[in-house]
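Each chain is listed here by its residues.
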2 protein chains.
Amino acid sequence: MSAIKTWIDEYHKGSRFGLNGEILIKKNSKYQEIIVIENEYYGKALMLDGCWMTSLKDEKYYHECLVHPALNRIDKKSNVLIIGGGDGGTARECVKYSQITKIDLVEIDEEVIKISKKFLNEIGGEAWNDKRLKIHIDDGVEWVKKTRDNFYDVVFIDCSDPSGFSNLLFSDSFYKDCKRILTPKGILATQSESPESFKNIHLKILKTLKNIFRISETMYSFVPIYPSGIWSWTFASKEYLHLSQENYNEAVKIEKSCDIWNLNFQNAAFKMMPNKIIKELNS
Amino acid sequence: MSAIKTWIDEYHKGSRFGLNGEILIKKNSKYQEIIVIENEYYGKALMLDGCWMTSLKDEKYYHECLVHPALNRIDKKSNVLIIGGGDGGTARECVKYSQITKIDLVEIDEEVIKISKKFLNEIGGEAWNDKRLKIHIDDGVEWVKKTRDNFYDVVFIDCSDPSGFSNLLFSDSFYKDCKRILTPKGILATQSESPESFKNIHLKILKTLKNIFRISETMYSFVPIYPSGIWSWTFASKEYLHLSQENYNEAVKIEKSCDIWNLNFQNAAFKMMPNKIIKELNS
């Protein structure tokens, strides 16, 4: 008997993006509805509460752009925090850096990790077995609140769009806590939504981080399964960032393992702000 | 009575991107099925033979990136050819340049122009009344064949994806004819598909233009309603391109009228080739 195929769509402002395939799991966790579907082009894809999160085919567009621009622009990077990131992709890119000695991954929904390990294991891959990775089932906002000052060299915010339980991850007080727990030369790296399909949230994140941190820079690239396909990542720090010779050498090696990101791509992506967003930020 | 809303989807390798709205027109021309739908976010949107072509909301992502990187890197630009471009967007960006004295727009399907003027008039706008614009209902491949050598300063290929009647617009012989009809310092500008959702065609275009022209450069940016949202444009010429002081001054003025493109964006977009495409081209 062949598998039953169905359409699963994400709806967004009168548009929809759907994948056809066999549903591998559909389950309500304590926090959200979780679906994994197997699609002929995107491979296995994860949807949370009606929004596409990741797929085997396009996850590198997202994870490589969140991780490497942060890690190659700071010198000390032993202690890393990932808030969200239950699919394991951010952790997988992090473990490429030998200087990292500990990664705290704080995911609120244990089911996301369980399902990712079972159905999307290619994304986390060997990172799930890396001894430096510590998984904590906890609320990222609370985790950050209870962390002592100057603790993490990098904080990654790898979360879903603002909604219900993830709203606080986009608040002033949360970003201020992130700043407090960062080392003086540390960096905050966050996905910062689409300048097209989530323009208002995008502008709010940029303005808020600019107010709180001395430095805040946004890069733009592609995530095919997200609404509009345009996505952004913002990197904030208390000091100016630079690419040291040591980091350059490491980045050149890491490029070889990457599908999307390389150093030229990174430098360019920081200049891809659409002109209308520049105008809005300057107005 | 309120309008009847329906979903219209473009299907692509097991995925679909749909817009909901009222169908303003649905008609079979001699060449293709033409649909215009009114959507709450994208505004009026045009579909040809099941593929989204353009929408009021996102058309500038496409047209600004096709036109300006060509026109600001050549000095002489009096005589311009647009193959396809029946929605009028490419012509609209061209008429911003006062040096241009004649634009031949060669569109095979008269219905596309009629429907664009009637339903999507905001795209072509005043360009439709510009005396420099000459509309020819003709086959672009035949038009190029019968054009004398060294005739156009710029040739824009503003066509739909390869299929039936548009296949020849992606052939070696067509590109060679384009080269022949270009002035020695002229430039060919073409949309070159998505490196993600049309990877094989994309690679073929890049390799073919590299073989035929001395210079060929590809830029990557966003078109939200196209499959994957990642799109590319390739610019080919017989001589090295540069940005003269005069062109720079003009570009700075034109930037003000643009939603997406500016000179920084342009320079960056030429470096946004995904790493996996670089690897494939070098293998």
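In this text the structure is predicted, and so the values were computed from the model without any measurement.

Another point: the overall build of chain A. Across its full length, chain A holds 10 helices and 12 strands. The C-alpha radius of gyration computed for chain A amounts to 18 Å, which stays within 12% of the reference 19 Å derived for 283 residues, consistent with globular compactness. In terms of overall dimensions, chain A has a C-alpha envelope of 60 × 45 × 40 Å along the principal axes. Within the span of chain A, comprising 283 residues, buried residues form 51% of the whole.

All names here are of chain A. Its domain assignment divides chain A into domain 1 (6-55) and domain 2 (59-282). Measuring from the centre of the C-alpha atoms in domain 1 to the corresponding centre in domain 2 gives 23 Å. Looking at the side of domain 1 that touches domain 2, the elements with two or more residues in it are β2 (15-28), β3 (33-39), β4 (43-48) and β5 (51-55). With five residues, the single largest contributor to the side of domain 1 that touches domain 2 is β5.

Here chain B sits on chain A after a turn of 180° about the axis and a move of 0.0 Å along it, with an RMSD of 0.0 Å. A rotation of that kind, with that shift, is consistent with a two-fold axis. Of the interface residues in chain B, 100% have counterparts in chain A that sit at the interface too, so the contact is made through matching surfaces.

Facing the 34 residues of chain B at the interface are 34 residues of chain A. Sorting the residues of the side of chain B that touches chain A by element identifies β2 (15-28), α9 (263-269) and α10 (275-282) of chain B as the ones contributing at least two each. The greatest single-element share of the side of chain B that touches chain A, amounting to seven residues, is contributed by β2(B). Split by residue class, the side of chain B that touches chain A holds 15 nonpolar, 11 polar and eight charged. Relative to β2(B), β2(A) is paired through five bridges, and the arrangement is antiparallel. Across the sheet, A:Arg16 pairs through a bridge with B:Gly18, a residue of β2(B).

Moving on, we come to the packing of helix α6 (residues 172-181) of chain A against helix α7 (residues 199-212) of chain A. Residue and element names in this part refer to chain A. For the pair α6 and α7, the least separation of the axes is 10 Å and the interaxial angle reads 45°. As summarised for this structure, α6 and α7 are arranged oblique, according to the angle between their axes. Seen from above, α6 lies across α7 with right-handed handedness. Only Thr208, Leu209 and Ile212 of α7 make contact with α6, whose side of the interface consists of Asp172, Tyr175, Lys176 and Lys179.

All names here are of chain B. An order of β8-β7-β6-β9-β10-β12-β11 is seen for the seven strands of this open sheet, with the pairing classed as mixed. In this open sheet, the two strands that pair with only one neighbour each are β8 (133-137) and β11 (215-222). Sheet twist, expressed as the average angle between the axes of neighbouring strands with direction ignored, equals 15°. When strand β9 (residues 152-158) meets strand β10 (residues 182-191), the two strands line up parallel, connected through five bridges. Pairing of valine 155 across the sheet is with leucine 188, part of β10. Packed onto the sheet, helix α7 (residues 199-212) meets β11 and β12 (230-237) and runs at close to 10° relative to β12.

With that settled, the discussion passes to the environment of A:Asn211. With respect to the element layout, A:Asn211 can be found in helix α7. Look at A:Asn211 and you get exposed, because 11 C-beta atoms sit within 10 Å.

A few words on the nonpolar core. Counting 156 residues, the largest nonpolar core has A:Val154, A:Val155, B:Val154 and B:Val155 as its most contacted members. When sequence neighbours within four positions are dropped, the list of residues in contact with B:Val155 reads B:Leu81, B:Ile83, B:Cys178, B:Ile181, B:Leu182 and B:Leu188.

Topologically, A:Asp130 is positioned in the loop between α4 (121-124) and β8 (133-137). Here the alpha-carbon distance between A:Asp130 and A:Asp49, two residues 81 residues apart in the chain, equals 29 Å.

Despite not being glycine, A:Asp49 has its phi angle at roughly 45°, a positive value. Take A:Asp49: it is sitting in the loop between β4 and β5. Taking the C-beta count within 10 Å as the criterion, A:Asp49 has 19 such neighbours and is therefore assigned partly exposed. One non-glycine residue, B:Lys13, adopts positive backbone phi at about 45°. Position of B:Lys13 relative to the elements: it lies in the loop between β1 (5-12) and β2. Judged by the 16 C-beta atoms lying within 10 Å of it, B:Lys13 is partly exposed.

All names here are of chain B. Checked against the element boundaries, lysine 117 lands in helix α3 (residues 110-119). Considering only alpha carbons, one finds lysine 117 and serine 166, 49 residues apart in sequence, at a separation of 22 Å. Excluding its chain neighbours within four sequence positions, the residues that come into contact with lysine 117 are Gly124 and Trp128.

A few words on the pairing of strand β6 (residues 79-84) of chain A. Residues and elements named next belong to chain A. Where burial is concerned, most of β6 is hidden: five out of the six residues are buried. By the bridge criterion, five bridges tie β6 to strand β9 (residues 152-158) in an arrangement that is parallel. Residue pairing in the sheet places isoleucine 83 in a bridge with isoleucine 157 of β9.

What follows deals with the pairing of β12(B). The two faces of a sheet get side chains in turn, since along a regular strand they alternate between them. Residues and elements named next belong to chain B. Counting buried residues along β12, eight of its eight residues qualify, which places the element largely inside the surrounding structure. Neither face of β12 is left uncovered, since the one carrying Ile230, Ser232, Thr234 and Ala236 and the one carrying Trp231, Trp233, Phe235 and Ser237 both have all their residues buried. In terms of strand pairing, β10 meets β12 through five bridges, oriented antiparallel. In the strand pairing of β12, leucine 188 is matched with alanine 236. For β11 and β12, the ladder comprises eight bridges, and the chain directions are antiparallel. Its bridge partner lying in β12, serine 221 is registered against tryptophan 231.

So, how was this worked out
Residues numbered from 1 in each chain as written. Chains lettered and ligands numbered in written order. Predicted model: local features only at pLDDT ≥ 70, side-chain atom pairs only at ≥ 80, totals over all residues. Helix = DSSP H or I, 4+ residues; strand = E, 2+ residues; numbered from the N terminus. Rg over C-alpha atoms; globule rule 2.2 N^0.38 Å. Buried ≥ 20, exposed ≤ 12 C-beta atoms within 10 Å, placed from the backbone. Domains from an automatic or database assignment. Least-squares fit on C-alpha atoms with pLDDT ≥ 70 in both. Contact = placed C-beta atoms within 7 Å. Nonpolar A, V, L, I, M, F, W, Y, C, P; charged D, E, K, R; others polar. Pairing = 2+ DSSP bridges. Axes fitted to C-alpha atoms, helices over the stretch in contact; angles between N-to-C directions. Parallel < 35°, antiparallel > 145°, perpendicular 65-115°, else oblique. Left-handed = near helix turned anticlockwise from the far one by under 90°. Core = buried A, V, L, I, M, F, W, Y, C linked by C-beta atoms within 7 Å.

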